[in-house]
Amino acid sequence: MKLQDKKVAIIGGGPGGLTLARLLQQNGVNVNVYERDYDKNARVQGSPLDLHQDSGLAAIIKADLLEEFKANFMLGADKTKIMNDKGDVVFDEDHKPIETNFDDPYFRPEIDRGQLRKILLASLKEETVHWNKHFISMDKHNDGWLLNFKDDLSVYADIVIGADGANSKIRPYITDTKAIYSGVTMIEGTIYDAEKHSPIIYKKLNGGKIMAFGNKKNILIGQKGNGEIGFYLSLKVDEDWIKNSNLNFSNKTEILNWFREEYKEWDKSWEELVENTTESFIPRSIGYMPLNQDWETISNLTLIGDAAHVMPPFAGEGVNMAMLDALELSEKLTNTDIISVKVAISNYESEMRKRAAIITKESIENGEKMHNENSLEVMLQFFTEHK
């Protein structure tokens, strides 16, 4: 099987899509990435990423980008504090020696999402990524697909790969199976120049991460690049809570008043996070794909990452699974012993779904542990036994 005469289109320029583009280009494949962000300087949302040796880091190594990664990961950002709702530290890795052993299977180096994107973009040929391309629809055309974008651009591709996240517009062309609500909703906030604007939390964080538990709720905080702090308020609410709450997530005063009521058992020092959030809060209903999801393979269309298997973030596996998808799909598509693209895609999808189901189950179970009345004790025991 050869892809040298095929045009491959990847919809979505997140870690999974860009990793796949890099791996395919290494094998001489004609690949283009279509990303809806306005340009490469668009701010990347989300918390830092911890890459795992058998998935995210394995993809980085195969992409020949380990040295670039080593030069840009955040030393010590994987150090964790566990705190209670009163702000007391009950577990602290601050005094643990900082490790940089990339041969240790338990070493999970963290990198800012924006920095990872820069590394991957720099590894691609010029004009591989087409910015400000908002995918609208696609139609079968000859033996491939005609992709239609919001700016009236239409392009042809022989093979299409959906890497466009949890709300994928490519996924419905493959399956009508939809995500199930996990019972958890998270509200994301970001603080710029955190040392100045949120000094108490910044000092407690000390470049690492904080996990705080109390009253079946969490506050999860992580150091980002450029002196920023990212955090999530995580709680169990009804599936339609975001809509029914009538909260204006762009109004800091309104969210602060809500926080004071919803987290009223928590110490007032936590209010510093909400008071100093720089941009709008981003509410996210956390969903997951059914563990037994299945679909009939299409000969020139497939999915990677959240588009294929969105899952709760409570196992730290989302980006790692996306990058492992990219690694495994690229290996299947460029394997000359596999007789056709359809067989390559079928083999990849079968293995991917099995692997994703196991990790999704773990993520769901962890989410339950983190949002019950004994969450602090459960998580303290986990970290004590595994660190």
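In this text the structure is predicted, and so the values were computed from the model without any measurement.

## Some words on the overall build of the protein chain
1) Next: Counting its secondary structure elements, the protein chain contains 13 helices and 17 strands.
2) Next: Over its C-alpha trace the protein chain gives a radius of gyration of 21 Å, about what one expects of a compact globule, namely 21 Å for 387 residues.
3) Next: Dimensions of the protein chain, computed from C-alpha atoms along their principal axes, come out at roughly 60 × 45 × 40 Å.
4) Next: Taken over 387 residues, the protein chain has a buried fraction of 53%.
5) Next: For the protein chain, the separation between the mean place of its 46 positive charges and that of its 61 negative charges on side chains is 2 Å.

## Focus on the side chain of Arg22
1) Next: In this fold, Arg22 is placed in helix H1 (residues 15-26).
2) Next: We note that Arg22 is buried and unpaired, the nearest opposite charge coming from Asp64 at a distance of 4.6 Å.
3) Next: A polar contact is formed between the side chain of Arg22 and the backbone oxygen of Ala63, at a distance of 2.9 Å.
4) Next: Not counting residues up to four positions away in its chain, the partners in contact with Arg22 are Ala63, Asp64, Leu65, Ser123 and Leu124.

## With respect to the sheet that holds strand E9 (residues 144-149)
1) Next: Reading across the sheet, the 3 strands line up as E8-E9-E10 and stay open at both edges, with antiparallel pairing between neighbours. On the outer flanks of this sheet lie strand E8 (135-141) and strand E10 (154-157), each paired with one strand and no other. Ignoring which end each strand starts from, the neighbouring axes of this sheet average 25 degrees apart.
2) Next: Where E9 lies against E10, 4 bridges are found, and the strand directions are antiparallel. Opposite Asn148, over in E10, you have Ser154 as the bridge partner.

## Things to note about unusual backbone geometry
1) Next: Residues other than glycine seldom take positive phi values, yet Asn132 does so here, at roughly 60 degrees.
2) Next: Its place among the elements puts Asn132 in the loop between strand E7 (129-130) and E8.
3) Next: Exposure remark for Asn132: the relative accessible area of 40% places this residue in the partly exposed category.
4) Next: Backbone geometry at Asn206 places phi at a positive 50 degrees, although glycine is not the residue there.
5) Next: Mapped onto the elements of the fold, Asn206 is located in the loop between helix H6 (199-205) and strand E13 (209-214).

## Points about the sheet that holds strand E2 (residues 30-34)
1) Next: The strand order E7-E2-E1-E11-E17 describes an open sheet built from 5 strands, whose pairing is parallel. Looking along the sheet, the strands with just one partner apiece sit at the ends: E7 and strand E17 (301-303).
2) Next: Sheet topology places strand E1 (residues 7-11) next to strand E11 (residues 159-162); 4 bridges connect them, and they run parallel. Note on E11: the bridge partner recorded for Ala9 is Val160.
3) Next: Sitting on the sheet, H1 is in contact with E1, E2, E7 and E11, with an inclination near 165 degrees to E2.

## Quick word on the pattern of salt bridges
As a working rule, side chains carrying opposite charge can pair if their charged atoms are close by.
1) Next: Summed over all chains, the structure comprises 17 salt bridges.
2) Next: Asp37 serves as the salt-bridge partner of Arg117, at 3.0 Å between the closest nitrogen and oxygen. In this pair, Arg117 is assigned in helix H4 (residues 113-122) and Asp37 in the loop between E2 and strand E3 (49-50), connecting sequence segments 80 residues apart.
3) Next: Classification of Asp37 by relative accessible area gives partly exposed; the value is 22%.
4) Next: One salt bridge connects Lys133 with Asp151, and the closest N-O pair in it is separated by 3.1 Å. Linking Lys133 in the loop between E7 and E8 with Asp151 in the loop between E9 and E10, this pair joins segments that are 18 residues apart in sequence.
5) Next: The exposure class assigned to Lys133 is buried, which follows from its relative accessible area of 16%.

## Considerations on the nonpolar core
1) Next: Within the largest apolar cluster, 69 residues are counted, with the highest numbers of intra-cluster contacts made by Leu147, Val160, Ile161 and Leu333.
2) Next: At 8 residues, the largest contribution of residues to this core is made by helix H11 (residues 318-333).
3) Next: Discounting residues that sit within four places of it in the chain, Ile161 has contacts with Val8, Ala9, Ile10, Ile11, Leu20, Thr302, Ile304, Leu329 and Leu333.
4) Next: Counting residues in hydrophobic clusters, the runner-up holds 29 residues, among them Tyr181, Ile219, Leu235 and Leu273.

Thresholds applied
Residues numbered from 1 in each chain as written. Predicted model: local features only at pLDDT ≥ 70, side-chain atom pairs only at ≥ 80, totals over all residues. Heavy atoms only, no water. Helix = DSSP H or I, 4+ residues; strand = E, 2+ residues; numbered from the N terminus. Rg over C-alpha atoms; globule rule 2.2 N^0.38 Å. Buried < 20%, exposed > 50% of the residue type's maximum accessible area, 1.4 Å probe, protein only. Lys, Arg positive; Asp, Glu negative; His and termini not counted. Charge placed at Lys NZ, Arg CZ, Asp CG, Glu CD. Salt bridge = Lys/Arg side-chain N within 4 Å of Asp/Glu carboxyl O. Polar contact = N/O pair within 3.5 Å; in protein donor to acceptor, adjacent residues only side chain to side chain. Contact = heavy atoms within 4.5 Å. Pairing = 2+ DSSP bridges. Axes fitted to C-alpha atoms, helices over the stretch in contact; angles between N-to-C directions. Core = buried A, V, L, I, M, F, W, Y, C linked by side-chain atoms within 4.5 Å.

Scope: geometric values only; no functional claims are made or implied.
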